[in-house]
Amino acid sequence: MKSTETVILACILLGVMLLTTQLFEKPRIKVYKLQYACDPDGPADLLFPFCNTSISDDDRVEDLISRLTIQEKIEQLVNTAANVSRLGIPPYQWWGEGLHGVAISPSVYFGGATPAATSFPLPCLSVCSYNRTLWNKIGQVVSTEGRAMYNQGRSGLTYWSPNINIARDPRWGRTQETPGEDPKLSSGYAVHFVKGLQEGDYDQNQPQAVSRGPRRLKISACCKHFTAHDLDRWKDYDRDHFDSKVTQQDLEDTYNPSFKSCVKEGQSSSVMCSYNRLNGIPMCTHYELLTLTVRNQWGFDGYIVSDCDAVALIHDYINYAPTSEDAVSYVMLAGMDLNCGSTTLVHGLAALDKKLIWEGLIDMHLRNLFRVRMRLGMFDGNPSTLPYGSLGPEDMCTEDNQHLALEAARQSLVLLKNEKNALPWKKTHGLKLAVIGHHADATREMLGNYEGYPCKFVSPLQGFAKVLSDHSPRISHERGCSDAACEDQFYIYAAKEAAAQADAVVLVLGISQAQEKEGRDRDSLLLPGRQMELVSSVVEASAGRPVVLVLLSGSPLDVSFANDDPRIQSIIWAGYPGQSGGEAIAEAIFGLVNPGGRLAQSWYYENYTNIDMSNMNMRPNASTGYPGRTYRFFTDTPLWEFGHGLSYSDFKYTMVSAPQSIMAPHLRYQLCSSDRAVMTSDLNCLHYEKEACKESSFHVRVWVINHGPLSGDHSVLLFSKPPSRGIDGIPLKQLVSFERVHLEAGAGQEILFKVNPCEDLGTVGDDGIRTVELGEHTLMVGMVQHVLTVENWREGHGEL
Ligand SMILES: *[C@@H]1O[C@H](CO)[C@@H](O)[C@H](O)[C@H]1NC(C)=O
Ligand SMILES: *[C@@H]1O[C@H](CO)[C@@H](O)[C@H](O)[C@H]1NC(C)=O
Ligand SMILES: *[C@@H]1O[C@H](CO)[C@@H](O)[C@H](O)[C@H]1NC(C)=O
Ligand SMILES: *[C@@H]1O[C@H](CO)[C@@H](O)[C@H](O)[C@H]1NC(C)=O
Ligand SMILES: *[C@@H]1O[C@H](CO)[C@@H](O)[C@H](O)[C@H]1NC(C)=O
């Protein structure tokens, strides 16, 4: 939604609310009733063939569409889809959100028996667990609670989550929503979260490319924002007018992989096209990407929705289309099905009259829309008799669900610094603990954006009280700053006093939605206002007693001043940790939890802000001094690199086994039979995207041992470094796979990575084609390296 519109809307709403409370003694309680089509107990003449579950979905959809007038058809092409009362079809609001819990959004009405939903950490944090099971379970809880609200008439079934754009630049205000900077990690997150949301009956026997996904969906997920969308408002740029200039190479190996995985493997039933232009073409009008790539090549069988008002802007803001009717025609021809907004509704008939669109085109989009509604069971009759029909208020905010929210924060916290193993602290009787900072009593701030009403809050202060409850602690609390902007000095004196009198100090600082949010990118990576001054004053006053700095933020900060200061022994990053974040933080500091999170985004020094944020290139450019983006390409020194994250234990690796070379007999045929024959003359690369590549998969076995004093979780990240010769713009290294393990102190475990050379070792050339380089690839896990040679058939392996 446009931020100005949101503000205006919010003002009107507030006004109406104030008026109502003034006019009526008690606020009126709205009674929600689930309306549904095809009611078996309703009038028999409303039970059309499209209600008949014995008929195939496709035939039911055809039947339904054939009964609509042209005006009714157009009314179904927008997110606020009208009722068709004569067919017994109620209105439907498509726009729901469930990024990290059922969220406040147009289709969601908290209240009544469902006043709250479980609120998980933001994806920027939960991704740091590197735990696929966790992401999947979070998705399952969101869809369970979403269904429960739907059954109360308080939610739709189409959620426009997750946001899987690559976190290219830490200044982006929506970084908090994303699973980080690495395409492989983002893909893994997308697949497992989406499967958790949608669940349904996956047909394992169907080849993915032709599969239409599960027939029945629990909740419909949406991969957004397609594509190369990661700038909201920075300097003179804004997302509506921004033209992302992206090379074929970057598109193929950075911006699109998470979407491809989300569609092909996650079988997402929706994709959202973004506001920005891609090399001049507004994304919602991009036929090549929406239709040829997503729908045809990736086998997508859901609906494509525009970001909200992304159709309106095509004419109104950027004048790309000469008229609004043309804009409607462009998006419908390109393959976009649903307009979040009203442009299609307002200008659809006129576009028909001008013959810019035709009824058959509308029908094609209606098929994509109604098929998803069929799969959600919206035409199968009374929802309470259908799968998920028994879910209700008692399934929301359950103990298990809330425990998972706490567990997610525990698994994901990142220990950035821990000099001389200063943490964990011992719980000692009567400990005088000073908890200082504007986030010390954070509640809503822990929920980041796209939030709902949580079941409860456990602030950091409450977390410490809970963790130390058996030890009669004396906990003092000072704000230090009025808020994250920290513009005044007023609270600093009291904070110093508290620190001077304490045995130990926890500073809980960082930023909030006032610095980073939708519509607001940052200009600086530093802690805002006087926060650094506060830290220095408190550290000074604590006179050598232990100090830990806890940071809340949805994106990287330059806290090098604290990293360099030996008096601050430890730093923990807690992202936006959700409803129970404060508890996880306190548990980690006192050793009830051994932090195992690892960064999903590199942290940079403030001079990173000298880089032009609008530069979408991932690869460095020596002639301009541009350093490139993310750990895969950044040539300068980061503060902490992707994957950084300490533990109270010490994990060591040994390479157990990995091949010295792979020849992959089937790969060689690709050289000859490639249907996109782009061959280098010296045959130094092998073609990708062939079934055969799967057969040349190999195993890498890594032994990981916990040498430390405590049991703990650890995520093992396997990277590869491609041969340096060959195509331009080869990554410095890239993530191949990851696996999280739990190990008792002293225990070891073997981890088996299955590596597909094409998927996992491939690199993309400047022609946008992924190939596997011949030559020496280096596999890396921690400090352990292993050289693997990819050979072709000419090198001593006989005849073709
Ligand atoms: C539903 O469709 C099946 C298969 O065509 C048909 O046999 C059956 O009579 C239909 N049911 C109703 C209630 O129309
Ligand atoms: C939608 O419902 C309203 C109110 O019940 C009714 O007046 C209107 O005709 C309905 N629209 C359609 C397309 O059925
Ligand atoms: C940015 O700052 C860091 C830390 O001081 C330094 O290592 C790096 O070289 C700087 N980069 C540039 C381009 O000046
Ligand atoms: C590097 O920047 C220069 C100057 O803008 C440009 O001409 C050149 O094409 C760029 N090189 C690459 C590989 O993008
Ligand atoms: C991953 O998350 C699941 C769900 O919370 C949990 O049961 C499991 O123990 C986690 N795995 C590891 C290795 O921490």
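Before any of the text, the structure's been laid out above.
Residues numbered from 1 in each chain as written. Chains lettered and ligands numbered in written order. Predicted model: local features only at pLDDT ≥ 70, side-chain atom pairs only at ≥ 80, totals over all residues. Heavy atoms only, no water.

Caption draft 1: Main features of the overall build of the protein chain. Regarding its fold elements, the protein chain presents 23 helices and 27 strands. When the 800 residues of the protein chain are sorted by exposure, 61% land in the buried category. Long-range contacts, defined here as pairs at least 24 residues apart, represent 78% of the contacts in the protein chain between residues at least 6 apart. Counting every atom, the protein chain has about 30000 Å² of accessible surface; 51% of that belongs to carbon and sulfur. (Helix = DSSP H or I, 4+ residues; strand = E, 2+ residues; numbered from the N terminus. Buried < 20%, exposed > 50% of the residue type's maximum accessible area, 1.4 Å probe, protein only. Contact = heavy atoms within 4.5 Å. Areas by Shrake-Rupley, 256 points an atom, 1.4 Å probe, with all protein chains shown as cover.)

Caption draft 2: Seen up close, the site of ligand 3. Around ligand 3, the surrounding shell consists of Tyr605, Asn607 and Asp636. Asn607 places a side-chain nitrogen or oxygen 2.3 Å from an oxygen atom of ligand 3. Between ligand 3 and the protein, one listed contact pairs a nitrogen atom with a side-chain N or O atom of Asp636 at 2.6 Å. Protein chains shield 41% of the accessible area of ligand 3, which is 360 Å² for the free molecule. (Near = heavy atom within 4 Å. Polar contact = N/O pair within 3.5 Å; in protein donor to acceptor, adjacent residues only side chain to side chain.)

Caption draft 3: Molecular detail of the sheet that holds strand E18 (residues 661-662). Spatially, E18-E27-E26-E21-E22 is the arrangement adopted by the five strands of the open sheet, whose pairing is mixed. A strand with exactly one partner marks an edge of an open sheet, and here the two such strands are E18 and strand E22 (734-743). Relative to E22, strand E21 (residues 712-721) is paired through nine bridges, and the arrangement is antiparallel. Each residue of the ladder has a partner; that of Gly712, found in E22, is Leu743. (Pairing = 2+ DSSP bridges.)

Caption draft 4: Structural context of the packing of helix H2 (residues 57-66) against helix H13 (residues 359-375). H13 packs onto H2 with a crossing angle of 125 degrees between their chain directions and a minimal axis gap of 9 Å. Here H2 is positioned oblique relative to H13, judged by the angle of their axes. As for the relative orientation of H2 and H13, their crossing is right-handed in sense. Two secondary-structure elements touch here, H2 through Asp57, Asp58, Arg60, Val61, Glu62, Leu64 and Ile65 and H13 through Asp363, Leu366, Arg367, Phe370, Arg371, Met374 and Arg375. Considering only residue class, the contact of H2 with H13 consists of six nonpolar, no polar and eight charged. (Axes fitted to C-alpha atoms, helices over the stretch in contact; angles between N-to-C directions. Parallel < 35°, antiparallel > 145°, perpendicular 65-115°, else oblique. Left-handed = near helix turned anticlockwise from the far one by under 90°. Nonpolar A, V, L, I, M, F, W, Y, C, P; charged D, E, K, R; others polar.)

Caption draft 5: Expanded view of the nonpolar core. Counting residues in hydrophobic clusters, the biggest one holds 162 residues, and the most contacted among them are Phe50, Trp160, Phe379, Trp573 and Trp603. Ranked by residue count, the leading element in this core is helix H5 (residues 132-151), at eight residues. Sequence-distant contacts of Trp603, defined by excluding residues within four places in its chain, comprise Leu416, Leu551, Pro556, Leu557, Val559, Trp573, Pro638, Leu639 and Trp640. Grouped together as the second largest cluster of nonpolar side chains are 31 residues, Leu431, Ala442, Ala504 and Phe590 included. (Core = buried A, V, L, I, M, F, W, Y, C linked by side-chain atoms within 4.5 Å.)

Caption draft 6: Molecular detail of the state of the cysteines. One pass over the full model with this rule turns up six disulfides. Disulfide pairing is shown between Cys273 and Cys284; the S-S distance is 2.1 Å. The sign of the 105 degrees torsion about the S-S bond sets the Cys273-Cys284 disulfide as right-handed. Within this pair, whereas Cys273 is found in strand E7 (residues 270-273), its partner Cys284 is found in the loop between strand E9 (281-282) and helix H9 (287-297), the two being separated by eleven residues in sequence. Overall, Cys284 belongs to the buried group, its relative accessible area being 1%. (Disulfide = S-S within 2.5 Å.)

Caption draft 7: Just the sheet that holds strand E16 (residues 570-573), in detail. The strand order across the open sheet formed by six strands is E11-E16-E15-E14-E12-E13, and the pairing between neighbours is mixed. Unpaired on one side and paired on the other, strand E11 (414-418) and strand E13 (474-478) mark the two borders of the sheet. Direction aside, the axes of adjacent strands within the sheet are offset by 15 degrees on average. Here strand E14 (residues 504-510) runs beside strand E15 (residues 547-552); their pairing, made up of six bridges, is parallel. Looking at E15, one finds that Leu507 is bridged to Leu549. The strands that helix H16 (residues 492-501) touches are strand E12 (432-436), E13 and E14; relative to E12, the one it contacts most, it runs at about 155 degrees. Strands E14, E15 and E16 of the sheet are contacted by helix H19 (residues 581-589), whose axis makes an angle of about 150 degrees with E15.

Caption draft 8: Broad picture of the site of ligand 4. Taken together, the neighbourhood of ligand 4 is formed by Asn621, Ser623 and Thr624. One of the side-chain N or O atoms of Ser623 is found 3.4 Å from an oxygen atom in ligand 4. If ligand 4 stood free it would expose 350 Å²; the protein chains cover 25% of that surface.

Caption draft 9: Summary view of the side chain of Asn594. Mapping Asn594 onto the fold places it in the loop between H19 and helix H20 (630-633). Looking at Asn594, its side chain comes within polar contact range of the side chain of Ser647, at 3.2 Å. Looking at Asn594, its side chain comes within polar contact range of the main-chain oxygen of Ser711, at 3.1 Å. Each residue touching Asn594, except ones within four places of it in the same chain, is listed here: Ser647, Tyr648, Ser649, Leu710, Ser711 and Gly712.

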